[in-house]
Amino acid sequence: MVSLPQMAQRLIPLAAALSCFGAQAQANQQSAWSFSGFATAGLVGTSSDKALYVIPGQLRGGDKSWSGEVDSKLGLQLTGRFNPMFSATGQLLTKQNGKGNWTPALEWAFVKAQLSPSLALRAGRMGAPLFAVSDFRDVGYANTWLRPPLDVYGQVPISNFDGADALYQKSLGSTTLSAQLFGGVAGSHFEGTKVKLKNMVGFNTTAEFDGGITLRLGHVQGKLHVYSNTLNGLVGALRGIPVPSISAVGNQLAADGKDASFTGIGLAVDRGQWLANFEYTMRRTDSYVPDTTGWYGTLGMRHGKFTPYVTVSRLKVDSSNVGSLPTAVGVPAIDAALPTLRGGVNLLVAGQSTEQNTTALGLRWDAWRNIALKAQYDRITPKRGDGLFTGAQPGFGGDSVNVYSLAVDFVF
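Residues numbered from 1 in each chain as written. Predicted model: local features only at pLDDT ≥ 70, side-chain atom pairs only at ≥ 80, totals over all residues. Heavy atoms only, no water.

Here we look at the overall build of the protein
Stage number 1. Of regular secondary structure, the protein possesses five helices and 16 strands.
Stage number 2. Dimensions of the protein, computed from C-alpha atoms along their principal axes, come out at roughly 80 × 45 × 45 Å.
Stage number 3. Here the protein holds 412 residues, and 45% of them are scored as buried.
Stage number 4. Sequence separation of at least 24 residues holds for 61% of the intrachain contacts in the protein that already meet a minimum separation of 6.
Stage number 5. Total accessible area on the protein stands at roughly 19,000 Å², and carbon and sulfur atoms take up 60% of it.
Stage number 6. Across the protein, 35 positive and 27 negative side-chain charges occur, with their mean positions spaced 3 Å apart. (Helix = DSSP H or I, 4+ residues; strand = E, 2+ residues; numbered from the N terminus. Buried < 20%, exposed > 50% of the residue type's maximum accessible area, 1.4 Å probe, protein only. Contact = heavy atoms within 4.5 Å. Areas by Shrake-Rupley, 256 points an atom, 1.4 Å probe, with all protein chains shown as cover. Lys, Arg positive; Asp, Glu negative; His and termini not counted. Charge placed at Lys NZ, Arg CZ, Asp CG, Glu CD.)

Notes on the packing of aromatic side chains
For any pair of aromatic rings, the description rests on two quantities: the centre-to-centre distance and the angle between the ring planes.
Stage number 1. Counting across every chain of the model gives 15 aromatic pairs.
Stage number 2. Where Trp 33 meets Phe 82, the ring centres are 5.9 Å apart and the plane angle is 80°; that geometry is what we call edge-to-face. Here Phe 82 lies in the loop between β2 (73–81) and β3 (86–95) and Trp 33 lies in strand β1 (residues 33–46), a separation of 49 residues in the sequence.
Stage number 3. For the ring pair Trp 108 and Phe 110, a centre distance of 6.2 Å and an interplane angle of 55° mean the geometry is tilted.
Stage number 4. For Trp 108, a relative accessible area of 13% corresponds to the buried category.
Stage number 5. Joined through ring pairs, the aromatic side chains of Phe 131, Trp 145, Tyr 153, Phe 262 and Tyr 296 make up one cluster.
Stage number 6. Between the NZ or CZ atom of Lys 194 and the centre of the ring of Tyr 227, over which it lies, the distance is 5.4 Å. (Phe/Tyr/Trp six-rings, centres within 6.5 Å; stacked < 30°, edge-to-face > 60°. Lys NZ or Arg CZ within 6 Å of the ring centre and 35° of its normal.)

Let's talk about the environment of Leu 224
Stage number 1. With respect to the helices, strands and loops of the structure, Leu 224 is situated in strand β9 (residues 213–227).
Stage number 2. For Leu 224, a relative accessible area of 10% corresponds to the buried category.
Stage number 3. Taking the C-alpha atoms as reference, Leu 224 lies 14 Å from Gln 155; in sequence the two are 69 residues apart.
Stage number 4. Every residue in contact with Leu 224, bar those within four places of it in the chain, is listed here: Val 195, Lys 196, Leu 197, Ala 255, Asp 256, Gly 257, Lys 258, Ala 260, Ser 287 and Val 289.

Here we look at the nonpolar core
Stage number 1. Counting residues in each nonpolar core, the largest one holds 47 residues, and the members touching the most others are Leu 238, Ile 246, Leu 253, Tyr 288, Leu 325 and Val 345.
Stage number 2. No other element matches helix α5 (residues 332–352), which puts five residues into this core.
Stage number 3. Val 44, Tyr 53, Val 70 and Val 401 belong to the second largest nonpolar core, which has twelve residues in total. (Core = buried A, V, L, I, M, F, W, Y, C linked by side-chain atoms within 4.5 Å.)

Take it as geometry only, folks, not as evidence of what the structure does.
Here you go:
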């Protein structure tokens, strides 16, 4: 387990080097470069030592032995403005990724053309606008919660995409309408397995009303590819049996260019002391990755520099998308292999078909101008499988798990 001091030894040289570069850029009056960054130092512990609490896709997390690897991260961003029309942005982010390491990755790298006050075009690597806080989900300081609710945000392990988008914004009286069309390819690693969404197209729309009310609707679809030797071996074995009821299960399991989509609606209210957020999302695929529905509701109230909040959320499986193998087909060689194949199918489907309910209580303290301290308690009840926990041991499940989190967020 990597401790916070060990992580600091890894991250501080990177931050120092890029901070010096950013300072030099800002000092040059002839340039139009700006440098900024964000970071989180977090600790997570739970009431169980039979599974690890993680952000879905991570390989290591917290149990009764606390971990600093779940929420901790460092992001550095450089933006250059070449003239009133053209600009470029790059963001380097390091956190525990789906490969289980902390290798810094280029999260954003795009050029932007502001064609008019209302219309902009971008190309390169950009944040995938799948959720209400997609662009700043990693910027802990910008969010009230210690982390976005995983019952919703854990459904898709993708944070950016390579491609292009068009952004349009229009004011109608006191209402501001924003629309984004985008397309490209997205990829990441989930617990060490490479995942890609190709031929990705989607839209993201928001309406901001007077009085601090924002509505959002978004949708994305594409072709899902999962690069797993275990999955490919099982699919190949099932497809190779000339029995329709068996080969059909292989086709259902396969994630080799299957249709996949994700849809979300959201509501945010920010009025005076009160704030509230709600999102409802649906994931649909034609593969072993199940159809799911997720939702959360958050209510908070500011008291000076303190903001206590409560969040209730749920992740539910709507369909596993995979049928059952027959018990026998009357061919001895095939019947002898069916128990092993059935075990592989059941294990794969069960590992994906997870549900859970979560109730969270948290407190944010804006201690300084650019620093926020947070504490959050989650009570998670896995309703099916192991929920979003990983590395579960025999005997895990059936009982609620308490999760305790502390974090310091800052921006610079």
